[in-house]
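Analysis of the macromolecular model
Okay, here's what each chain looks like letter by letter:
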Amino acid sequence: MTSVEPGGSEVNDTDAGYVDGNALAGPLSEVFAVDVTTATSRCANCGCTGPLARLRVYKHAPGLVARCQQCGSVMLRATRTRDAVWLDMSGAVSLAIPVGET
Amino acid sequence: MAFISRGFHGRRPSAGTKLPPGQYETTGFPVLSAGPTPRIRKDDWQLSVTTETGKRHVWDWAGLMALPADSPTVDLHCVTKWSKFGTQWQGVSLDVLLADVETSAEHVLVTSYGGYTTNVPLADLVDGKAWIAYGYEGGDLAPEHGGPARLLVPHLYLWKSAKWVSGIELRQSDVPGFWETAGYHNYGDPWREQRYQGD
Ligand SMILES: [Zn+2]
């Protein structure tokens, strides 16, 4: 296994056409450094799009539950356990997160 | 410090032993919810028990009321760390509901109006350990606390006591529910502090 520094530009391209999870380190550190509430999401249930800031977030719960402002289905969940943040985005087709231009 | 002041004021000397690790006592009844509160009219309410073969048993509100009721007094333990002692409920034991249900399943997925789910081993729902509760402290169970009826399985963390219960699915295989797929423990025993996966 090839080790790659987080944020490094090198990734270990394999013949199978994929790279290992280290390739996520750079993008993810950037995601969590920005205000994701400005990201645009698409609901997997009804297809509507809008900024995360417009979702309905239920926070008096064991985790944060963000629901679609149109159809009410769960788009995103975030749970803080002892040593991890669990993110479930199975209710969102995509998240478009504004970042600086390259 | 809290332990000393509790003893000093002579309040609830037994509270320490009733409190699972990491919990604190509250006298309020916090409302936790992962979504909008469903408003289910008793006329429209149904509870189904579905077996692993697909056989479905259904009770409407009158059917539930016709069953013998219990009045359990139990302590509640929420994974968000509050515990509430001596709550009084009225409801039907799962032993009564499952009496005529033939099954060899070991797992249950509990479903609710509004889409919530949670998984519990069948063994934890029988032998006087769980109820379909519709009364609280002498009155109807309020919608924000799960009315008209919720599951009550007080020996596990309260997220297992599904509010607005609508279905009991008996299954051969275990399947994680809403919080169990989001980092919370599959079983949730407060006395072993099974809050999160890996605990
Ligand atoms: Zn939607």
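Our structure's up above, just so we're on the same page.
Below or above, wherever it landed, is the structure these notes cover. None of these values were measured; they are calculated from a predicted model.

Each value, and the rule that gives it
Residues numbered from 1 in each chain as written. Chains lettered and ligands numbered in written order. Predicted model: local features only at pLDDT ≥ 70, side-chain atom pairs only at ≥ 80, totals over all residues. Heavy atoms only, no water. Salt bridge = Lys/Arg side-chain N within 4 Å of Asp/Glu carboxyl O. Helix = DSSP H or I, 4+ residues; strand = E, 2+ residues; numbered from the N terminus. Buried < 20%, exposed > 50% of the residue type's maximum accessible area, 1.4 Å probe, protein only. Disulfide = S-S within 2.5 Å. Donors = N, O, S within 2.8 Å, 3.2 Å for Na, K, Ca; no water. Tetrahedral: all angles 85-135°; square planar, octahedral: opposite > 155°, others 65-115°. Contact = heavy atoms within 4.5 Å. Buried area = accessible area lost by both parts, 1.4 Å probe. Pairing = 2+ DSSP bridges. Axes fitted to C-alpha atoms, helices over the stretch in contact; angles between N-to-C directions. Core = buried A, V, L, I, M, F, W, Y, C linked by side-chain atoms within 4.5 Å.

Observations regarding the pattern of salt bridges
Residues and elements named next belong to chain B. As enumerated under the stated definition, the model contains eight salt bridges over all chains in all. Among the salt bridges present, the one from Asp 44 reaches Arg 41, with a minimum N-O distance of 3.1 Å. One salt bridge in this structure joins Asp 140 and Lys 42, with 3.1 Å as the shortest N-O distance. With Asp 140 in strand S9 (residues 139-140) and Lys 42 in the loop between strand S1 (24-25) and strand S2 (46-50), this pair connects stretches of sequence that are 98 residues apart. Residue class for Asp 140 comes out exposed when judged on its relative accessible area of 59%. Judged by relative accessible area, Lys 42 falls into the partly exposed class, the value being 34%. If you follow the salt bridges from partner to partner, you end up with Arg 41, Asp 43 and Asp 44 in one network.

Observations concerning the state of the cysteines
The tally for this structure, following the rule as stated, stands at zero disulfides over all chains. Just so you know, A:Cys48 is unpaired, no disulfide at all, and the nearest cysteine sulfur is the one on A:Cys68, 3.4 Å from it.

A closer look at the coordination of the zinc ion
Residue and element names in this part refer to chain A. Within the first shell, the zinc ion binds the protein through Cys 43 (SG), Cys 46 (SG), Cys 68 (SG) and Cys 71 (SG), at distances of 2.3 to 2.4 Å. Around the zinc ion, the four donor atoms are arranged such that angles at the metal cover 105 to 115 degrees; this shape is classified as tetrahedral. Each donor residue of the zinc ion lies on one chain, and together they are spaced C-x2-C-x21-C-x2-C. Residue classification places Cys 68 among the buried residues on the basis of a relative accessible area of 0%.

Side note on the interface of chain A and chain B
Contacts between chain A and chain B engage 14 residues on the former and 20 residues on the latter. Around 1500 Å² of area is buried between chain A and chain B when both sides are counted, 59% of it from carbon and sulfur atoms. Area buried by chain A at its contact with chain B is led by A:Pro62, A:Arg77 and A:Arg82, which between them contribute 40% of it. Along the contact surface separating chain A from chain B lie one salt bridge. Between A:Arg82 and B:Asp199 there is a salt bridge, and its shortest N-O distance comes to 2.7 Å.

Side note on the sheet that holds strand S11 (residues 165-171) of chain B
Residues and elements named next belong to chain B. In spatial order, the strands read S3-S2-S11-S6-S7; together these five strands make up an open sheet with mixed pairing. With one partner strand each, in any of the chains shown, strand S3 (56-60) and strand S7 (117-121) form the two edges of the open sheet. Each strand axis lies, on average, 15 degrees off the axis of its neighbour in the sheet, ignoring direction. Across six bridges, strand S6 (residues 107-112) lies against S11 in antiparallel orientation. Within the sheet, the bridge partner assigned to Val 110 lies in S11 and is Ile 168.

Brief notes about the nonpolar core
All names here are of chain B. Membership of the largest hydrophobic core comes to 41 residues, with the highest contact counts inside it found for Leu 94, Ile 132 and Trp 179. For this core, the secondary-structure elements that each account for two or more residues are S2, helix H3 (61-65), helix H4 (94-97), S6, strand S8 (131-136) and S11. Sort the elements by how many residues they give to this core and S11 lands first, with three residues. Setting aside chain neighbours within four positions, we find Leu 94 in contact with Leu 125, Ala 130, Trp 131, Ile 132, Leu 151 and Ile 168.

Interpretation in functional terms is not warranted from these geometric data alone.
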